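Now for the letters of each chain:
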Amino acid sequence: MLWKEIWESHRGRIIGVAGGIFFGFIYLFAGFWDMLFFALVVFIGYTAGKRKDLRLGSFFRWSEMGQWLSERWRPFK
């Protein structure tokens, strides 16, 4: 029952960390990578999962970036 509640409330984080660990091990076994890179991959997985749990949406705000670029850079004035 406790594990089910944890899974329901933190599903994205658990999947993100598991994915980060999986891809981190692939990089560690494919060649000699520094442990900091492994921690970075796990952190990115955790952060992506946390954003999914909190329903924050995408990390990048693509529409705002597109609007900002279109205001700053106008090739055909």
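Every value quoted in this text rests on a predicted model; they were computed, and no experiment measured them.

## Comments concerning the overall build of the chain
Along its length, the chain carries 3 helices and 0 strands. Along its sequence from the N terminus, the chain presents helices and strands in the succession α-α-α. By residue count, 14% of the 77 residues in the chain fall in the buried class. Relative to all contacts within the chain whose residues are 6 or more apart in sequence, the contacts with residues 24 or more apart total 47%. Surface summary for the chain: the accessible area is close to 7000 Å², and the carbon and sulfur share equals 70%.

## With respect to the environment of A48
Mapped onto the fold, A48 is located in helix α2 (residues 35-53). Judged by relative accessible area, which is 48%, A48 ranks as partly exposed. Once the C-alpha coordinates of A48 and G16 are considered, the two residues, 32 residues apart in sequence, prove to be 6.4 Å apart.

## Points about the pattern of salt bridges
Taken as a whole, this structure holds 2 salt bridges when the rule is applied. Put simply, R11 and E8 hold a salt bridge, and the shortest N to O gap is 3.3 Å. With R11 and E8 both in helix α1 (residues 2-30), this residue pair falls 3 residues apart, about one helical turn. Accessibility expressed as a relative area gives 36% for R11, which makes it partly exposed. D53 is the partner of R13 in a salt bridge, and the nearest nitrogen-oxygen pair spans 3.2 Å. Here R13, found in helix α1, pairs with D53, found in helix α2; they are 40 residues apart in sequence, far enough to count as distant. Taken individually, R13 and D53 each receive the classification buried, so the pair is uniform in this respect.

## Observations concerning the environment of F23
Looking at the element boundaries, F23 is found in helix α1. Spatially, the C-alpha atom of F23 lies 7.4 Å from that of V41, the residues being 18 residues apart in sequence.

## Some details on a nonpolar patch on the surface
A cluster of nonpolar side chains, namely F22, F23, I26 and Y27, defines an oily patch on the protein surface of about 400 Å² accessible area. Take Y27: it is sitting in helix α1. Overall, Y27 belongs to the partly exposed group, its relative accessible area being 36%.

## Quick notes on the side chain of D53
Among the polar contacts made by the side chain of D53, one reaches the side chain of R13 at a distance of 3.2 Å. Setting aside residues no more than four positions away along its own chain, D53 makes contact with S9, H10, R11, G12 and R13.

Rules used in this analysis
By convention here, each chain's residues receive numbers from 1 onward along its written sequence. Only residues with pLDDT of at least 70 get local features here, since the model is predicted, and only at 80 or more are side-chain atom pairs given and counted; chain-wide, interface and lining totals rely on the full set of residues. Excluded from the side-chain calculations are hydrogens and water; all other atoms, namely the structure's heavy atoms, are used. Strands here mean DSSP runs of E at least two residues long; helices mean DSSP runs of H or I at least four residues long; both are numbered from the N terminus. For the exposure calls, accessible area comes from a 1.4 Å probe over protein chains only, and a residue counts as buried if that area is under 20% of its type's maximum, exposed if over 50%, partly exposed in between. For this analysis, residues touch if any pair of their heavy atoms sits within 4.5 Å. Each accessible area is a Shrake-Rupley result for a 1.4 Å probe, and residues are judged covered by the shown protein chains and nothing else. In the sections that follow, a salt bridge refers to a side-chain nitrogen of Lys or Arg positioned within 4 Å of a carboxyl oxygen of Asp or Glu. A residue counts toward a patch only above 30% relative accessible area and without a salt bridge, and it is joined to like-charged neighbours within 9 Å or, for Val, Leu, Ile, Met, Phe, Trp and Tyr, to nonpolar neighbours within 5 Å. Any pair of N or O atoms that falls within 3.5 Å is considered a polar contact. Within protein, one atom must be able to donate a hydrogen and the other to accept it, and sequence-neighbouring residues count only if both atoms are side-chain atoms.

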